[in-house]
Structure formats: C-alpha cells, structure tokens
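If you want the building blocks of each chain, they are given just below.
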Amino acid sequence: MAGPFGRWRSLLSSRAVASQVFALQVAVVVLLIVATVVALVLQSRTDGEREARQRAVAVAETFARTPGMVDSLTGSEPSADLQPSAEELRTASGVDYVVAMTPDGRRLTHPEPQRIGRPFAGTVAPAAAGGTVTETVAGTLGPAVQHVVPVTDAKGRVVGLVAAGVTIERVSGVVEEQLPVLFGAAAAALGLATAGTALVSRRLRHQTHGLGPAEMSRMYEHHDAVLHAVREGVLIVDGEHRLLLANDEARRLLGLPPDAEGRHARDLGIDPGVARLLESGQPVTDRVHTAGERQLAVSVRLTGGDGGPPGAVATLRDTTELRLVSGRADVAQGRLKLLYDAGVEVGTTLDVVRTSEELARLAVPRFADFVTVDLPDAVLRGEEPAGGGHVRHMRRVAYAGIRDDTPLHPPGTLIRFVPDTPQARGFATGRAVLEADMTAFDGWQQQEPARARQLVEYGIHSMIVAPLRARGVIMGVATFWRADEPESFDDGDVSLAEELVARAAVSIDNARRYTREHAMAVTLQRSLLPRSLPEHTALDIAHRYLPAQAGRGGVGGDWFDVIPLPGSRVALVVGDVVGHGVRAAATMGRLRTAVHNFSTLDLAPDELLWHMDELVSRIDQEESGEGDAGSVDGGGATAITGATCLYAVYDPVSGVCTMARAGHVGPAVVYPDGRAVFPGVPAGPPLGLGGLPFETADVRLPEGSSLVLYTDGLLEDRDRDRDIDEGMELLGRTLAQAGRTPEETCRTVLDALLPERPRDDVALVVARTRRLSADRTAAWDVPPEPAAVGRVRAQAGRTLEGWGLVEEAFTAELILGELVTNAIRHAAAPIRVRLIRDRSLIFEVGDGSSTAPHLRLATETDEGGRGLFLVSQLAERWGTRYTGEGKVVWAELPLRPRPR
C-alpha cells in the first residue's frame, strides 16, 4: 500500500531512531491541536448560554425599573405607552424581544404587534407571586433564554410583569465567526510543529551518524575498555545473585579472585555487608562499608525495572582519603563555631566571676573535659595584679566539667602555685603551656604530688594552661584538662586555647575595670551617706542602703538622712538622683549637704523643697556652661540633673508628721494595729524643673506607728516585669502586720521585694514613732508687760523642781528670762512659752513678729544688747524658726546624766 498510511507505517516500523521520533512528535502535536479546538468550541457554547442569560436578566430588570412603568401599567392605554419604549430598549440592547404584560400573563408589548393581547409563552406564576423566572425555551428562532420579573407599586403589589429574551445563537455567533481563524491558527501551529520536529529528527540523525551493527559492536568494545579503566569499581550480578562482571577497580578494591565470575555473592570472600547489599534486591546510594583498611561507598541499582534481565549493578568508590579530609574540615568548622560562640556567650555581664564561669561552661565538653579559671584576688577587686608576673597566689573562681567528682580544687580555693608549675610559668611568661602527657610527671606534679597522682588515676592525661592577657595585663590563667577524650592536646589545640582565652580575657578585663569603677562609686557614695544615725527620743529607726550590682546599672544617687531639729522634732529625708556612677554619687552628696544646711534654718518641708529646686536648677546651669566649654562628656553635651526628694518632719509632742515630696514615691504608714496605708502626700515636680509650688500634708501618727520611706528601686523589677504600681501593692501587703520592729520590717521588705541582682539602688528607712508624755512639757501664755517676766521665771522654777532639775533651775530661769524679755520688748503679741524635757532642756518662746533677733556685741555704755549673748554662752545652741503666726526663738540646755 503506497498511500499516506503506508508512508506512516514505514516510518513507525523503521529502525532509524530519528524517523520514529519524528512520527511520534507529529502525532502528539496533532492530538493536542484537535483537543484544543474541541475544548474551545465547547467552551464557546457554554459561554454563549451564560452571556444570553446575563443579558436577558439585565434588560428585564432595567425595563421593569424604568421610571413611570407602574403608571403606564395601571393607565388606560398601557400598550400605547410601553410599546415604543420596549422596542427602543430591544434594539439598543440586542435582545430578541422585550415584553410587558399583565400579572396574568397577557402581552401588552411585543416586537410583532399582532401578538399583543395574547398570553405569554412561558412560566409567569412565580413572577406574579413576586419572584423571578429564568428559563431556556425553544422559540421560533431557536433555543432562547428568557427572564421574567415583576413590577410592583409603592405598596408592594404586583401590577405587571416584564420579560426579556435572547436566542443563544445570537450571542454565540461571534465565537463561531472566530472558528475559521482558530482552525487556521491550528493548521499553522501544526505546520510549525512539523517543521520543528523535522529539524530535530534531522539533527538526531546527524548526531548518530547512521551507525550500523558493526559500528555498534566497535562502540561496545570501546565501552568495555572504558569500564575497566575507570577508578570506580563496577559489579554486575544476575537475578540469582551470581557475579556476571567485575571491572579491574572492583577486583582491586574487594580483592576478588581471578575466577570470581559465576560465583554467588556470598562466596566471593568480600565484606558481608557488601554481599548483603548485592543480595537484597533493594536500590542503595552511597552506603559506606569497610573493606580491610578502606572505606567504600557502595551504590546499587536494579536492572530488571524496564523489562531487562533481572539483576543489579553495584558501583564502589574508595572514600578513605575523602573521609580523612572531611574529618579535618569538621574539626576546623567546630573550632570556628566555638570561637564564634565565645564572642557571643562570654562577657554577657560586667562581672569578673560570671565571665570566667561563662568561659569554663563554653569549653566543656566541646574542647576540654574540665576547665578551671584562677585569678588573683586583686583582679576580683578590680585592681591589677601586684608584683607583675610573679604572682603565685590565685583563687579558683570558675570550674566546669563533665563530672563534679574530680580531685581538682573547687571554686573559692586560694591556691599557691610553685614556680615550676605550668600555671606559674604561664602567668609569668604570658605564653600558653602544654602538658601533652601528664602521666610522665615531668615537673607539673611539684605543686601537690599527692593530688597529682589522684588526677592521673582519675584519668586526666593532658592539659593546656593559657594566660588571660588583655591590654598588656595578665589577669590569671585558664586551664583546660582532658580525661575521657583519648587524644591528648596538641599544638593545634594550644592555638585554639590561646584564641579562645584571648577573647574571654578582654571581657574579663572590661569587667575588672568596671568593678574598680563600681567600687570607687560605692566607696564615694557610702562616704557621703550617714554612717550612723543619732539617737532620738521621738523615733526608733532602722535603715538599709543597697547599691545596684556591678554590671546591672551600678551605683546610683539614692540617699537618706535623719536630721534632729529643735523642739525634739526629727526630719526624715529620702531622695534619688537620676543616673548611675560617680557623677550621680557626687551630686547626691551635694544635695544631702544642702538638705542639712536648709534644715538648720528650720524651714517648712515645702519651703525647703523650693530651695532644693533652686539649687538643682543652678547645678544644671553650671554643668551646662561647662558642657558648652567642652569639659563635660568631652563634647560640650549639656548634662541635666534629675532628682527626687521626700522631706518629712515629725513632732513627738503633737504626734503630727508634716511631709512634702518632689517627684518622689509616696511614703507608707503602718499603724499599731497592722494596717498599712499610703497617705495622700501631694506630688510635686522633680527637683530642677521649677515653675510649680510644693504642697505639704499633715498626718497624725499614733504612738507605735511606723513611717516607711524608700526609693523606687525597691518597687520596680524589670526582670519580673513589675512596675511601680504593682510594687506598691506588694509593699502594702508586706507591711501589713502588727508588732514588728523596724529592723524586722526592713528585713521582711527586702526579702519580699528585692530581686537577687537589683538593677537600681535601694534606700529604705523605717521609723517607729514615740510620743513625749504630757508631764514632760509645760506651756504658758505671757502678757506683753515687763512684770510678766518674773512670773514666768517663777513658774519655770517650780516646773523644773517638779522634774528634778534643781541644779539647772538658775541657768534655765536666766535663759528663759532673757528670751521672754526680748519678746516683750521687741516683738508683738501673742507671746507663748513652752518647756520640753528631753535629752536636753528646750526653751521655746513664740511671738507674733517675723523679725528675727540677732546676736551683737554691746559696748560698755550700752544699756541693753547683752541678752542673746548670755543665751548663746549658757545654752548649747539656739536659733529661730518661723511659723504661720510669727516666729519661735528656741534654746537648748544640756542636761547632766543623773546617777542611777
């Protein structure tokens, strides 16, 4: 048969690979084109029906909602009104008909006027009930889609129906018109694909060079030669696991005998693992097995999967040298990772001991089995080791190991290293020392011979001592020990140890320097804080000051003070300077001194805080001026001093405590029954802001109440996400207990609120109140007449006699007489005298004048001017304080202790 089918059959039956590929590719292209055309035609039909439905719905809905539609349907001539509009809409929208009808389906409009008045050919009942109808009908022009919608009046009643219809052929005609173009494109694609296939086939025929059987035989011979020349072993076994072929490399790697072909895999004398792979019938990739001293990577592929003869082909690669190189690369990568981790994990805090512990933990077990770090005590204090490289005594500050039962000295032990030990030599020379074989006992054991034998018996066999050196200072040594790892340390390990310790040494040196600065700041601050508090009759006081831990913020500017005032009163002060370090401590000292100076003027708490505010503002101005000159922070930066303060004055006679605060947290009061409250002391602005006044609050404290003053470092805890409000709530619960002494209250509060490593300073003052009984005070009103002086002196004498102060009566009457005389002569009424017997005898003369008396030296001819001079000579101290009604001139006469 010589027709076209005959030519295709000849092509498919041809032995030429290029011809078969050509025929198959053409057939595939034809099938794809036919399938594409059929799919597009079917899709066009579906799209046409969908388009017809959407167009009918849109036209019907539009016409039904045309303005005036309801009036036309209910009018006298609906057909005459609606027919023109319906035809106009039909023509514009491209549908076949637009029909308006009555609710019972009688046509009012139609493209063919003779059909007006006839029943509508379709379903109208759902639309007459208020719904819609979309259906496909067989019309005179072919299948059509029509949509019927109701027309309702304002009351929702259906007054008419509107239907729109379009034939599917009208919509799909556009697509069908494009079919010739589509078929033309398909024919063009077929032609291009056939041409491309022909070119590919020609290229394939060109590349195979038309090889015949003889040529293929020669190619096989060449393949066989290559098979035996490659440096990869090849084994071929049949379905019964007998060896069919083994190339020369496989014979060499496995040590096969000359007559190996034909033997079963298990009888070849090869590695049992390799024999099991050949018998398993499972594909394997790069399975490593040992053959003598070689490491072989074995891969197995099956040959019977595509209808070929059953069996398997195995390839063998010698990976012994590759594994050695890979092992070295893994070691190098591990060391680089260790050094990287050292930069991240060592030195996370500015603490010498903590940094040493981080170094020890990092190296175990990745580099050594045990690690110890030894430092001189001077380094722990933040100083440089004394004596240069001849330090012998070092303290073990860090230990880490895979076990804890070693004979090594535990942390905290002070060790004296003899000169010949590796630790002493490393510290003296600044170079690492390697003891590769500790079992040789070549001098390292002189430190402690008995302990040295215990270390060797424990299994420790080598060590490296690396000095901790940074910025030219040797601060100690780190010792790395090996026990479970069989390989001893070598020179490569020494280099790694030096690099590892060098990175840690910088962090330790930074921590050492910070420790020194922190110690200096702590020393400065403690020297500025009160070392001991004076004894007071009015208060029983306990206090605590705790600086922040080094590396957690450092020393800040918190302070407190207890200042005795005239009239047995006591001032309690607590404050906080923003910031940390020496500058904050120095500023705190200036403010504490200022509070002392202002308190000698016996100012009210709000007035004292006003003066403190002015002082802080002046400090800011001074430091700002220095900053402009370039002496502050090295660059002219303006330093702003922020500070808070709480000032309270307690009067044991009245039991009233007057308080004012400048940006500080409010105090707490614990009443004798155990109730803990936070009195509402008005909050003023922090010191230095200015512009707003300070206000005072008076709180009456029953005897036995406790006044608790503190700084915000007691309340906040950023490690536990505790803010000030939560801290105050916890403080209130902690304080709410009766019967505790101030010391017990301090301990309980710190245990409950203070974290293990505080970030901020904490100042805490607990003062339990006492009252002066009524029999220890006396008061009189004095009329403004000279004759009253004698009566006051007589009353005072009788009072002192009742108190048992007969020996002090003359001096007391003289002092009181001079003070009352000055008030009568130079001041204004009302004049009032008060005597208080405390640790000293206190005289208070109040008047209505705000003019303060001044001490002056009278001449021989002056008649007066000697009263205050006598008072200053007889009294221990005297002064003036102002009140809301005037002033009070006071004096104190020391009392001699009475024999018991």
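Residues numbered from 1 in each chain as written. Predicted model: local features only at pLDDT ≥ 70, side-chain atom pairs only at ≥ 80, totals over all residues. Heavy atoms only, no water.

## Quick notes on the nonpolar core
- By size, the foremost hydrophobic cluster in this structure holds 37 residues, and its most contacted members are Leu359, Phe367, Val373, Leu468, Phe480 and Leu500.
- If one sorts the elements of this core by residue count, helix H16 (residues 491–528) sits on top with 9 residues.
- The contact partners of Leu468, leaving out residues within four places of it in the chain, are Leu359, Val373, Leu375, Val473, Ile474, Met475, Gly476, Val477, Ala478, Val501, Ala505 and Ile508.
- By size, the runner-up hydrophobic cluster in this structure holds 30 residues, among which are Ala788, Ile815, Ala823 and Leu893. (Core = buried A, V, L, I, M, F, W, Y, C linked by side-chain atoms within 4.5 Å. Buried < 20%, exposed > 50% of the residue type's maximum accessible area, 1.4 Å probe, protein only. Helix = DSSP H or I, 4+ residues; strand = E, 2+ residues; numbered from the N terminus. Contact = heavy atoms within 4.5 Å.)

## As for helix H20 (residues 742–753)
- With 12 residues, H20 extends 16 Å between its outermost C-alpha atoms, agreeing within 8% with the 16 Å of an ideal straight helix rising 1.5 Å per residue.
- By the burial criterion, the buried members of H20 are Pro742, Thr745, Cys746, Val749, Leu750 and Leu753. Viewed end-on, H20 has its buried residues packed into an arc of 125°, placing them on one side of the element.
- Next to the buried residues of H20 lie strand S16 (539–546), helix H19 (724–735) and strand S26 (762–769). (Expected span 1.5 Å × (residues − 1). Arc of directions from axis to C-beta.)

## Describing the pattern of salt bridges
- All told, the structure shown has 35 salt bridges when counted by the stated rule.
- Three or more residues joined by partner-sharing salt bridges are found here, namely Arg569, Asp602, Arg834, Glu844 and Arg881. (Salt bridge = Lys/Arg side-chain N within 4 Å of Asp/Glu carboxyl O.)

## Considering helix H4 (residues 78–93)
- For H4, built from 16 residues, the straight-helix expectation of 22 Å at 1.5 Å per residue is met to within 8% by its first-to-last C-alpha distance of 22 Å.
- What H4 keeps buried is the set Pro78, Leu82, Gln83, Ala86, Glu87 and Ser93. An end-on view of H4 places all buried positions within 140° of arc, on one side of the element. Across from the buried face of H4, at angles greater than 90 degrees, the exposed residues are Ala80, Pro84, Glu88, Thr91 and Ala92.
- Immediately downstream of H4, the backbone of Gly94 shows phi near 80°, a positive value.

## A short note on a negative patch on the surface
- A contiguous patch of negative charge, built from Glu716, Asp721, Asp723, Asp725 and Glu726, is present on the exposed surface.
- In this structure, Asp723 sits in the loop between strand S25 (706–710) and H19.
- Asp723 sits in the partly exposed class, given a relative accessible area of 37%. (Patch = residues over 30% accessible without salt bridge, like charges linked within 9 Å, V, L, I, M, F, W, Y side chains within 5 Å. Areas by Shrake-Rupley, 256 points an atom, 1.4 Å probe, with all protein chains shown as cover. Lys, Arg positive; Asp, Glu negative; His and termini not counted. Charge placed at Lys NZ, Arg CZ, Asp CG, Glu CD.)

## Some points on the packing of aromatic side chains
- In the structure shown here, the tally under the stated rule is 4 aromatic pairs.
- An angle of 80° between the planes, with centres 5.3 Å apart, marks the rings of Phe367 and Phe480 as edge-to-face. Of this pair, Phe367 sits in the loop between helix H12 (352–363) and strand S10 (370–375) while Phe480 is found in strand S15 (residues 473–482), placing the two residues 113 residues apart along the sequence. Phe480 carries the same exposure label as Phe367, and that label is buried.
- Both rings, one in Phe441 and one in Trp444, keep their centres 5.7 Å apart while their planes meet at 15°; by these two values the pair is stacked. (Phe/Tyr/Trp six-rings, centres within 6.5 Å; stacked < 30°, edge-to-face > 60°.)

## What to know about the pairing of strand S20 (residues 656–662)
- In terms of burial, S20 is largely enclosed, as 7 of its 7 residues are buried.
- Sheet topology places strand S19 (residues 643–651) next to S20; 6 bridges connect them, and they run antiparallel. Within the sheet, the bridge partner assigned to Tyr647 lies in S20 and is Ala660.
- In this antiparallel pair of consecutive strands, S19 and S20, the connection spans 4 residues, and Gly655 shows a positive phi of 75°. (Pairing = 2+ DSSP bridges.)

## What about the packing of H19 against H20?
- Running from N to C, H19 and H20 point in directions that differ by 140°, and their axes come no closer than 10 Å. Judged by the inter-axis angle, H19 sits oblique to H20. The interaxial crossing formed by H19 with H20 has right-handed handedness. Between H19 and H20, the residues in contact are Gly727, Leu730, Leu731, Thr734 and Leu735 and Thr745, Thr748, Val749, Ala752 and Leu753, respectively.
- Taken together, the residues of the contact of H19 with H20 sort by class into 6 nonpolar, 4 polar and no charged. (Axes fitted to C-alpha atoms, helices over the stretch in contact; angles between N-to-C directions. Parallel < 35°, antiparallel > 145°, perpendicular 65-115°, else oblique. Left-handed = near helix turned anticlockwise from the far one by under 90°. Nonpolar A, V, L, I, M, F, W, Y, C, P; charged D, E, K, R; others polar.)

## A few points about the pairing of strand S5 (residues 233–238)
- For S5, the buried fraction is high: 5 of the 6 residues fall into the buried class.
- Across 6 bridges, S5 lies against strand S9 (residues 311–318) in antiparallel orientation. Residue pairing for S9: Ile236 is matched across the bridge by Val313.
- Pairing of S5 with strand S6 (residues 243–246) involves 3 bridges; the strand directions are antiparallel. Residue pairing in the sheet places Ile236 in a bridge with Leu245 of S6.
- A loop of 4 residues connects S5 with S6, the two strands running antiparallel in sequence, and His241 in this loop sits at a positive phi of about 65°.

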